[in-house]
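Structure at a glance
If you want the building blocks of each chain, they are given just below.
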Amino acid sequence: TLDDFLDFMERFGDSQTVIFTALGRYALGELIGTERDKEAGLLVAQSFVLSAGLTQVLKFGFRRDRPDDSRDDQYSFFSSDSSKTNSSFPSGHATNAFSMAAVLTNVYDESVPWLGWVLYPVATMTSLARINNERHWGSDVFLGGALGYFIGRMVVHYSPFRGSQAVSIE
């Protein structure tokens, strides 16, 4: 049952989930007329683009074997056997989950102060699921989570979408 639970939690780090969340938040903001929801959607999308881009550059550079590919050597970096686009280090799921959690927690901090108590454990479970499913080593998800958190915080702090009176993709 723990495996089933973690398999479900793993989905929160999927790129499709992040994109759906970004589009959903923005659409909700358009439908009900709330700038904060539109802002959240744009910030989640912005953090996803930055997180995914940096993660792919690092994966290409480090080419670390995944645990299910190389059971014996967790220190196998720069492997010629590892796929340049499907390497282990860092975890994209962890990066996605933590960047989305950081953005949403900070955007809604005034109206939903407990949101971080929900989203960060979800991001942690997403990361642990990747270890449980033998797709990542612990250091992969640790670095992915840290990258996601800091990118999410950076996007909220420095984004041109943050705090403007009228948020729009036009």
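Residues numbered from 1 in each chain as written. Predicted model: local features only at pLDDT ≥ 70, side-chain atom pairs only at ≥ 80, totals over all residues. Heavy atoms only, no water.

Focus on helix H6 (residues 138-158)
In an α-helix, one turn spans 3.6 residues, which is why side chains three or four residues apart end up on the same side. If you check H6, its first and last C-alpha atoms are 30 Å apart, about what 21 residues at 1.5 Å a residue would give, namely 30 Å. Buried within H6 we find Asp 140, Val 141, Gly 144, Gly 145, Leu 147, Gly 148, Ile 151, Gly 152, Val 155 and Val 156. On an axial view of H6, the arc spanned by its buried residues comes to 165°, and they lie on one face. Within H6, the exposed residues directed more than 90 degrees away from the buried face are Phe 142, Phe 150, His 157 and Tyr 158. (Helix = DSSP H or I, 4+ residues; strand = E, 2+ residues; numbered from the N terminus. Expected span 1.5 Å × (residues − 1). Buried < 20%, exposed > 50% of the residue type's maximum accessible area, 1.4 Å probe, protein only. Arc of directions from axis to C-beta.)

Digging into the nonpolar core
Leu 43, Val 44, Val 103, Leu 104, Val 107 and Tyr 108 are the most contacted members of the largest nonpolar core, which totals 22 residues. Of all elements in the fold, only helix H2 (15-32), helix H3 (35-62), helix H4 (92-107), helix H5 (115-132) and H6 reach the threshold of two or more residues within this core. It is H4 that contributes the most residues to this core, 8 residues altogether. (Core = buried A, V, L, I, M, F, W, Y, C linked by side-chain atoms within 4.5 Å.)

Topic: the packing of H4 against H6
The N-to-C vectors of H4 and H6 enclose an angle of 30°; their axes lie 7 Å apart at closest approach. In the packing of H4 onto H6, the handedness of the crossing is right-handed. Residues Ala 94, Thr 95, Phe 98, Ser 99, Ala 102, Val 103, Asn 106 and Val 107 of H4 pack against Val 141, Gly 144, Gly 145, Leu 147, Gly 148, Tyr 149, Gly 152, Arg 153 and Val 156 of H6. (Axes fitted to C-alpha atoms, helices over the stretch in contact; angles between N-to-C directions. Left-handed = near helix turned anticlockwise from the far one by under 90°. Contact = heavy atoms within 4.5 Å.)

Quick notes on the packing of H3 against H6
Contact geometry for H3 and H6: axes closest at 9 Å, N-to-C directions at 140°. Judged by the inter-axis angle, H3 sits oblique to H6. The interaxial crossing formed by H3 with H6 has right-handed handedness. On H6, the residues touching Leu 43, Gln 46, Ser 47, Leu 50, Ser 51, Leu 54 and Leu 58 of H3 are Leu 147, Ile 151, Gly 152, Met 154, Val 155 and Val 156. A breakdown of the residues in the contact of H3 with H6 according to their chemical character gives 9 nonpolar, 4 polar and no charged. (Parallel < 35°, antiparallel > 145°, perpendicular 65-115°, else oblique. Nonpolar A, V, L, I, M, F, W, Y, C, P; charged D, E, K, R; others polar.)

Some words on the packing of aromatic side chains
Across all of its chains, the model carries 5 aromatic pairs by this definition. Look at Tyr 149 and Phe 150: their rings are 5.2 Å apart centre to centre, the planes differ by 80°, and that puts the pair in the edge-to-face class. Look at Tyr 149 and you get partly exposed, because its relative accessible area is 28%. Judged by its relative accessible area of 56%, Phe 150 is exposed. Here the aromatic residues Phe 98, Tyr 120, Tyr 149 and Phe 150 are joined through ring pairs into a cluster of three or more. (Phe/Tyr/Trp six-rings, centres within 6.5 Å; stacked < 30°, edge-to-face > 60°.)

Quick look at the pattern of salt bridges
Within the structure shown, the criterion is met by 4 salt bridges. Two residues, Arg 25 and Asp 37, come together in a salt bridge whose shortest N-O distance is 3.6 Å. One end of the pair, Arg 25, is in helix H2; the other, Asp 37, is in helix H3, and 12 residues separate them in sequence. Through salt bridges that share partners, Glu 30, Glu 35 and Lys 38 make up one connected network. (Salt bridge = Lys/Arg side-chain N within 4 Å of Asp/Glu carboxyl O.)

Overview of the side chain of His 93
Here His 93 shows up in helix H4. Excluding its chain neighbours within four sequence positions, the residues that come into contact with His 93 are Glu 10, Gly 13, Asp 14, Thr 126 and Arg 130.

Section: the confidence of the model for the chain
Where the model shows low pLDDT, its predicted coordinates should not be examined in detail. In this model, the chain carries an average pLDDT of 82, and 84% of its residues clear a pLDDT of 70 or more. Ranking the helices and strands of the chain by mean pLDDT puts H4 first, with 93, and helix H1 (residues 2-10) last, with 77. (pLDDT = per-residue confidence, 0-100.)

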